[in-house]
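In case you want the letters, here they are:
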Amino acid sequence: MTPHVDIVEMYFTACKFSDCADFCMRVQQERETLSYFYTDPGIVNAAFSCEVFLKLLLYLEQINYKKEHRLKQLFEMLPPKIQEAVKHKTTEKCGYWNDAWGREILLQISDAFIKWRYIYETDWSKNAAIHIDISYLFAFRDALKVMCEKKLEHKAGPNGVL
């Protein structure tokens, strides 16, 4: 059962993690030399913001969700009309929804929060590399944010009060 939540606080929480992701990526680009990188915290924050935006959309649609981190599973719970709008906005921003083989990139980023927050536990003897499409992740996040804003504006009505 989905708990009662403060939808404004939920939206702001997602925005704060989204902003942290942007900050990490900006610092990464601005520094000339780094003994470490900010890519993984940027990915973790972007993925978590996606999760919270998705859960907010589900809550606003009165769809129950369990404790779930996988973005694809949460996305597939959304009504088809919202899914299509998010796909369109994501594609508009990054230029694609599927990879060169026709597979949804959403599947590749689905467990980013789980994988990337414990990147130091990766068994590099089994995995020579770990890959994620950062452009897609950030475009997906931005599309979800726009959709949440539209839903919240509609819910607020003409006076802007929720």
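Residues numbered from 1 in each chain as written. Predicted model: local features only at pLDDT ≥ 70, side-chain atom pairs only at ≥ 80, totals over all residues. Heavy atoms only, no water.

*Asks:* Even after reading the chapter, I still don't get the packing of aromatic side chains, so can you show me in this structure?
*Replies:* Here a ring pair, both rings aromatic, is described through the centre-centre distance and the interplanar angle of the planes. The final tally for this structure, using the stated rule, is ten aromatic pairs. Measuring from ring centre to ring centre gives 5.8 Å for Tyr11 and Phe12, while their planes differ by 50°; the resulting arrangement is tilted. Residue Tyr11 is classed as buried on the basis of its relative accessible area of 11%. Ring centres of Tyr136 and Phe140 lie 6.2 Å apart, and the angle between their planes is 5°; this geometry places the pair in the stacked category. Separated by four residues within a single helix, Tyr136 and Phe140 lie in helix α7 (residues 134-156), roughly one turn from each other. Pairwise contacts between aromatic rings join Phe75, Tyr96, Trp97, Tyr136 and Phe140 into one cluster. (Phe/Tyr/Trp six-rings, centres within 6.5 Å; stacked < 30°, edge-to-face > 60°. Buried < 20%, exposed > 50% of the residue type's maximum accessible area, 1.4 Å probe, protein only. Helix = DSSP H or I, 4+ residues; strand = E, 2+ residues; numbered from the N terminus.)

*Asks:* I tried to follow the state of the cysteines on my own but got confused; where do I start?
*Replies:* What is meant by a disulfide is a covalent connection between two cysteines, made through their sulfur atoms. The tally for this structure, following the rule as stated, stands at zero disulfides. No disulfide involves Cys20; its sulfur sits 6.6 Å from that of Cys24, the nearest cysteine. Cys20 sits in the partly exposed class, given a relative accessible area of 37%. Here Cys50 is not disulfide-linked; the sulfur of Cys148 is the nearest cysteine sulfur, at 10 Å. Take Cys50: its relative accessible area is 0%, and that puts it in the buried class. (Disulfide = S-S within 2.5 Å.)

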